[in-house]
Structure formats: structure tokens, C-alpha cells
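Per-entry structural report
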Amino acid sequence: MKSAVTHLIITSCIALGAVGAFTAWYLFVQHTRAHVADLETQIARKIENSQRIAEARASLAEIAGEEAAIQSYFVPEANVVPFIDSLEAEGHTFGTLVKVTAVSKANVKSRPALTFALTVGGSFDSVLRTVGAIEYSPYNVSITALALTRDDKGVWAATLTITVASLAQSANTSTPHA
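Read on for an overview of the structure. (Residues numbered from 1 in each chain as written. Predicted model: local features only at pLDDT ≥ 70, side-chain atom pairs only at ≥ 80, totals over all residues. Heavy atoms only, no water.)

1. Digging into the overall build of the protein
In plain terms, the rule: Helix and strand assignments come from DSSP, with helices taken as H or I runs of at least 4 residues and strands as E runs of at least 2, each series counted from the N terminus. The reference for a compact globule is 2.2 Å times residues^0.38; the radius of gyration itself is calculated from the C-alpha atoms. Type-normalised accessible area, obtained with a 1.4 Å probe on protein chains alone, sets the label of each residue: buried when under 20%, exposed when over 50%, and partly exposed for intermediate values. Whether two residues are in contact is decided by their heavy atoms, any of which lying within 4.5 Å being enough. Here the Shrake-Rupley method, with its probe set to 1.4 Å, supplies the accessible areas, and only the displayed protein chains count as covering residues. A positive count includes Lys and Arg, and a negative count includes Asp and Glu. His and the chain ends are not counted in either. Lysine's charge is taken at NZ, arginine's at CZ, aspartate's at CG and glutamate's at CD.
Secondary structure summary: the protein contains three helices and five strands in total. When the helices and strands of the protein are placed in sequence order, the string is α-β-α-β-β-α-β-β. Scaling as 2.2 N^0.38, a compact globule of 178 residues should have a C-alpha radius of gyration of about 16 Å, whereas the protein reaches 40 Å, well beyond that. Expressed along its principal axes, the backbone C-alpha trace of the protein runs to roughly 145 × 30 × 20 Å. Within the protein, buried positions represent 19% of all 178 residues. Within the protein, residue pairs in contact and separated by at least 24 positions form 58% of the contacts whose partners lie at least 6 positions apart. Only carbon and sulfur atoms are counted for the fraction: they give 62% of the accessible area of the protein, which is about 12,600 Å². Computing the positive centroid from 13 side-chain charges and the negative centroid from 15, the protein places the two 12 Å apart.

2. Section: the nonpolar core
Worth spelling out the cut-off: Side-chain atoms within 4.5 Å are what join buried Ala, Val, Leu, Ile, Met, Phe, Trp, Tyr and Cys residues into a set we call a nonpolar core.
With 18 residues, the main nonpolar core has Phe116, Leu118, Leu160, Ile162 and Val164 as its most contacted residues. Elements with a minimum of two residues in this core: helix H2 (80–93), strand E3 (111–122), helix H3 (124–135) and strand E5 (156–167). Those residues in contact with valine 164 that lie beyond four places of it in its chain are Val75, Phe83, Ala113, Leu114, Phe116, Tyr139, Asn140 and Val141.

3. Describing the packing of aromatic side chains
Formally: For Phe, Tyr and Trp, where Trp contributes only its six-membered ring, two rings pair if their centres lie within 6.5 Å, and the inter-plane angle classes them as stacked under 30 degrees, edge-to-face over 60, or tilted in between.
Overall, the coordinates contain five aromatic pairs when judged by the stated rule. Between phenylalanine 22 and tyrosine 26, the ring centres sit 6.4 Å apart and the planes meet at 25 degrees, which makes this aromatic pair stacked. One end of the pair is phenylalanine 22 and the other is tyrosine 26, both in helix H1 (residues 2–71) and four residues apart, which spans about a single turn. Both rings, one in phenylalanine 83 and one in phenylalanine 116, keep their centres 5.1 Å apart while their planes meet at 50 degrees; by these two values the pair is tilted. Highlighted residues: phenylalanine 83 in helix H2 and phenylalanine 116 in strand E3, separated in sequence by 33 residues. No difference in accessibility class separates phenylalanine 83 from phenylalanine 116, as the two residues are buried. Each residue in the set Phe83, Phe116 and Tyr139 is aromatic and connected to the rest through ring pairs, giving one cluster.

4. Describing a nonpolar patch on the surface
Our working definition: Each patch is assembled from residues with relative accessible area greater than 30% and no salt bridge, linking like charges that lie within 9 Å and nonpolar side chains (Val, Leu, Ile, Met, Phe, Trp, Tyr) that lie within 5 Å. Salt bridge, as used here: a side-chain nitrogen of Lys or Arg that lies within 4 Å of a carboxyl oxygen of Asp or Glu.
Taken together, the side chains of Phe124, Leu128, Leu146 and Leu148 present a nonpolar region at the surface, about 330 Å² in accessible area. Listed by contribution, the elements that provide at least two residues to the nonpolar patch are H3 and strand E4 (141–150). As for its placement among the helices and strands, leucine 128 is situated in helix H3. Accessibility expressed as a relative area gives 34% for leucine 128, which makes it partly exposed.

5. Considerations on the pairing of E3
To keep it simple, the criterion reads: At least two bridges found by DSSP between two strands is the condition for calling them paired.
Here strand E2 (residues 97–108) runs beside E3; their pairing, made up of eleven bridges, is antiparallel. By the bridge assignment, alanine 102 is partnered in E3 with alanine 117. With antiparallel pairing between neighbouring strands as the criterion, E2 and E3 make up a hairpin whose turn holds two residues, including lysine 109 at a positive phi of roughly 55 degrees. Note that E3 and E5 share ten bridges and pair antiparallel.

6. Side note on the pattern of salt bridges
Applying the stated criterion across every chain, the model contains three salt bridges. Between glutamate 48 and arginine 52 there is a salt bridge whose closest N-O contact spans 2.3 Å. Remark: arginine 52 and glutamate 48 occur in helix H1; sequence separation between them is four residues, near one turn of the helix.

7. Describing H2
Given 3.6 residues per helical turn, the α-helix brings residues three or four places apart onto the same face. Selection criterion: A helix's residues, less one, multiplied by 1.5 Å, set its expected span. Arc definition: directions from the helix axis to the C-beta atoms.
Helix length check: H2 (14 residues) gives 20 Å between terminal C-alpha atoms against 20 Å at 1.5 Å per residue, within 8%. For H2, every residue scored as buried is listed here: Val80, Phe83, Ile84, Leu87 and Gly91. Angular distribution of buried residues about the axis of H2 spans 100 degrees; they occupy a single face of the element. Exposed side chains of H2 directed beyond 90 degrees from the buried face belong to Val81, His92 and Thr93. Looking at the packing, one finds that the buried side of H2 touches strand E1 (75–76), E2, E3, H3 and E5. Within two residues after H2, glycine 95 carries a phi angle of roughly 80 degrees, on the positive side.

And the structure:
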């Protein structure tokens, strides 16, 4: 009989140990499962954030291209000399002589602008073509004054004042790229 009681006690101890081990293992798995679920949530948030960042970078790249296109319509104050050279080259294209007689800063509707006084000399046709090419150049140009004269030799001259939208030197409008 002692051996049956001993077997019962040993079997009970093993059963209780197994139940205790199972309970401990179950609690450990539940804790790990909760931790994994938390990690999955964090990963999902990070993926969502990285997708937003990628979309923002793509938008910035698109905007940077559009910004460059828009800024091409303005003459930066630092690039006045190349702009004057382009005006004179425009005259050579049409067989006229373009002279810039004055350059000054102006504010048109609270925007920076540059005012140029020009003279264009040549035949009537070439003078008008040059004036038209200047007016329709790829800049924000407006002619504010225009006078046509003809000398006794039949040479035409146009005296005009144009206003060109400008970018101030201190304004940094470019978008940094990451």
C-alpha cells in the first residue's frame, strides 16, 4: 500500500508540476504574443511614415522643377549683365543695334523689378521685330514706354523702357534637396 500512496504522491507532484509548467509556458507565450503585436503595430506605423516621407520627397522634387520653371521668368539681380547681353544678341538676330542706356531697380506692386531703357536702331521691319522679340521673350517683361523715330537717312530708332520682374539677391527661394 505504501507503494501505491507513494506512486499517487509522485504522480500528483508530476501532474502539478506539468500543470505549473504549462501555465508558466502559456503566460510566457501570451506575453510574447502581446509583445509581437506591439512590434507589428510599430512596424506598420513606421512603414506608413516612410511612405508619407517618400510622397513628400516626390512632391518636393516635383515642386522644385516647377519652381525652377517659374523662376526662369524672372531676372535675378546678380544676372543683369547676361540679360543685357541677351537683349543685344536679340538685336543682332534681327539685324538691329540694341543699346541699353540705363538700368534701375523698381518695385511693381510690391515686387522687385528692373527697369531698362533701350534704344533699337535699324530698318523699320527689323526694329519692330526686335521690339516684339523683346516683348515676347521668356521673361516677365512689360513695355512701359515706346517711341519710334526716323532720321533723314531713313534709319528707324525705337526708344523703349521695359520693366522685367526680378528676384532679389537676398531672397533664397530654392528648395534644399535631401
